[in-house]
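# Fold and contact review
Read off the chains here:
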Amino acid sequence: MDPWSDTRLRTVAAGLGWGEGPVLLPAAGGVVFSDVAASILWLWRLDAAEATVFRSPSHHANGNTADAEGRLITCEHQTRRVTRTELDGRITVLADAYTGRPLNSPNDVVAARDGAVWFTDPPYGLLRGECGPDARMEQPVAGVYRIDPGTGDVRLMIGCLDKPNGLAFSPDERSLYVSDTGHSHRPGGNRHIFRFDIAPDGTAGPLTVFREIVPAACDGLRIGADGVIWSTAGDGVHVYAADGAMVGRIDLGEMATNLCFLPEQRIFITTPTRALVCDLPGKAKVRP
Ligand code: MG
């Protein structure tokens, strides 16, 4: 499919070590995003020319999301934990272990309407040396976990993927979409978005293949209120209908790592080296 030709792109941060994790955070007045390698969380205030430092060091923070109360939830590689930043700035640790052992390196996170926080735990922070010199994989699988909103218990929900990475719920939250970037370290490995039905008892499964994402793979993804899936890929951002058909494409000429929706038909995109604001063309419709 030809890329949307009349997309307007504006770079608001450049020279990043590894851009990731953009989230619109109204309490902060803009988008918080990660430079994972530089261990900085940046803030781009809506319509500012460039970003300013939000938190440094960030413990090599990666994926971010916001919960229903607008609080920032962050995956940290170095400290191998998922945290919540309270509205007064205090940090609450939501998860840093499973069955008494450290997590691998939480990568990306999403909050469900019931208050549960779901996150992926592949070993990329270990592979990139961001978890300390003697750190090693402590969990036997790279899992997808759920943090119970009542008890705070951490439960392994999905253990069958190679390197689970980005994740997002369908609008009715009956399905969870998870990207697997196993391809990054294993030729022929997974580079798919998988869909898991969420059973009435809250368990995740069975799994179906939503689709393979090429070139490269999907790192982060977002799903609009209309069920349209916005996936990152090796050449930019791909837009898919719920049946898997491609309905749009933004060509960046480089890999995109993650995105979030903004008001007024705009999206915010991170790449390994940049953060960009994208004005969508008239024919494109995003439903945040
Ligand atoms: Mg990721």
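Report follows, based on the coordinates. Note that the structure is predicted; figures quoted are calculated from it, not measured. (Residues numbered from 1 in each chain as written. Predicted model: local features only at pLDDT ≥ 70, side-chain atom pairs only at ≥ 80, totals over all residues. Heavy atoms only, no water.)

## Remarks on the sheet that holds strand S15 (residues 154–158)
Through backbone hydrogen bonds, the strands of a sheet pair up, either in parallel or in antiparallel fashion. Strands sit in the order S12-S13-S14-S15 across an open sheet of 4 strands; the sheet is antiparallel. With partners counted over all chains shown, the strands left at the sheet margins are strand S12 (109–111) and S15, one partner each. Averaged over all pairs of adjacent strands, the angle between strand axes in this sheet comes to 25°, irrespective of strand direction. Bridge count for strand S13 (residues 117–120) against strand S14 (residues 144–147) is 4 bridges, and the pairing is antiparallel. Across the sheet, Thr-120 pairs through a bridge with Val-144, a residue of S14. (Pairing = 2+ DSSP bridges. Helix = DSSP H or I, 4+ residues; strand = E, 2+ residues; numbered from the N terminus. Axes fitted to C-alpha atoms, helices over the stretch in contact; angles between N-to-C directions.)

## Describing the side chain of Glu-130
Among the secondary structure elements, Glu-130 is positioned in the loop between helix H1 (124–127) and S14. Side chain to side chain, Glu-130 and His-77 meet in a polar contact 2.7 Å long. Within the structure, the side chain of Glu-130 is placed 3.3 Å from the side chain of Arg-128, a separation counted as a polar contact. Among all residues touching Glu-130, those that are not within four sequence positions of it are Val-36, Ala-37, His-60, His-77, Gln-78 and Gly-125. (Polar contact = N/O pair within 3.5 Å; in protein donor to acceptor, adjacent residues only side chain to side chain. Contact = heavy atoms within 4.5 Å.)

## Here's the deal with the pattern of salt bridges
Overall, the coordinates contain 18 salt bridges when judged by the stated rule. In this structure, Glu-212 and Arg-191 form a salt bridge, with 3.6 Å as the shortest nitrogen-oxygen distance. Residue Glu-212 is located in strand S19 (residues 204–212), and its partner Arg-191 is located in the loop between strand S17 (175–180) and strand S18 (192–198); the two are separated by 21 residues in the primary sequence. On the accessibility criterion, Glu-212 (38% relative accessible area) is partly exposed. Classification of Arg-191 by relative accessible area gives partly exposed; the value is 22%. (Salt bridge = Lys/Arg side-chain N within 4 Å of Asp/Glu carboxyl O. Buried < 20%, exposed > 50% of the residue type's maximum accessible area, 1.4 Å probe, protein only.)

## Looking at the environment of Asp-121
Mapping Asp-121 onto the fold places it in the loop between S13 and H1. For the pair Asp-121 and Asp-180, spaced 59 residues apart in sequence, the C-alpha to C-alpha distance is 11 Å. If sequence neighbours within four positions are ignored, Asp-121 has contacts with Leu-103, Asn-104, Ser-105, Pro-106, Gln-139, Ala-142, Gly-143 and Tyr-145. Here Ser-105 takes part through its backbone nitrogen, which lies 2.8 Å from a polar atom of the side chain of Asp-121.

## Structural notes on the packing of aromatic side chains
Following the criterion strictly, the structure yields 9 aromatic pairs and no others. Aromatic pair Trp-44 and Phe-268: ring centres 5.6 Å apart, planes at 40°, arrangement tilted. Here the residue Trp-44 occupies a position in strand S4 (residues 40–45), and Phe-268 occupies one in strand S25 (residues 266–270), the gap between them amounting to 224 residues. Accessibility expressed as a relative area gives 0% for Trp-44, which makes it buried. (Phe/Tyr/Trp six-rings, centres within 6.5 Å; stacked < 30°, edge-to-face > 60°.)

## Focus: the nonpolar core
Ranked by internal contacts, the top residues of the largest apolar core, which has 17 residues, are Trp-4, Trp-230, Ile-250, Ile-267, Ile-269 and Leu-280. Broken down by secondary-structure element, the contributors of at least two residues to this core are strand S22 (236–240), strand S24 (258–262), S25 and strand S26 (275–279). In contact with Ile-267, not counting residues within four places along its chain, are Trp-230, Ile-250, Leu-259, Cys-260, Phe-261, Leu-262, Leu-276, Val-277, Cys-278, Leu-280 and Val-286. Membership of the second largest hydrophobic core comes to 16 residues, among which are Trp-118, Phe-169, Phe-194 and Ala-204. (Core = buried A, V, L, I, M, F, W, Y, C linked by side-chain atoms within 4.5 Å.)

## Observations regarding the sheet that holds S4
As summarised here, the arrangement of the 4 strands in space is S2-S3-S4-S5, forming an open sheet in which the pairing is antiparallel. The open sheet has two edge strands with one neighbour each: strand S2 (19–25) and strand S5 (52–55). In this sheet, adjacent strand axes meet at a mean angle of 35° when their direction is disregarded. Where S4 lies against S5, 3 bridges are found, and the strand directions are antiparallel. The residue of S5 that forms the bridge with Leu-41 is Arg-55.

## Things to note about the pairing of S24
Counting buried residues along S24, 5 of its 5 residues qualify, which places the element largely inside the surrounding structure. The alternating pattern of S24 places Asn-258, Cys-260 and Leu-262 on one face and Leu-259 and Phe-261 on the opposite face, and all of these are buried. As defined by bridge partners, S24 adjoins S25 across 5 bridges and the pair is classed as antiparallel. Looking at S25, one finds that Phe-261 is bridged to Ile-267. Counting the residues in the hairpin turn of S24 and S25 gives 3 residues, including Glu-264, whose phi is positive at 65°.

Everything listed is a geometric property; what it means functionally is a separate question.
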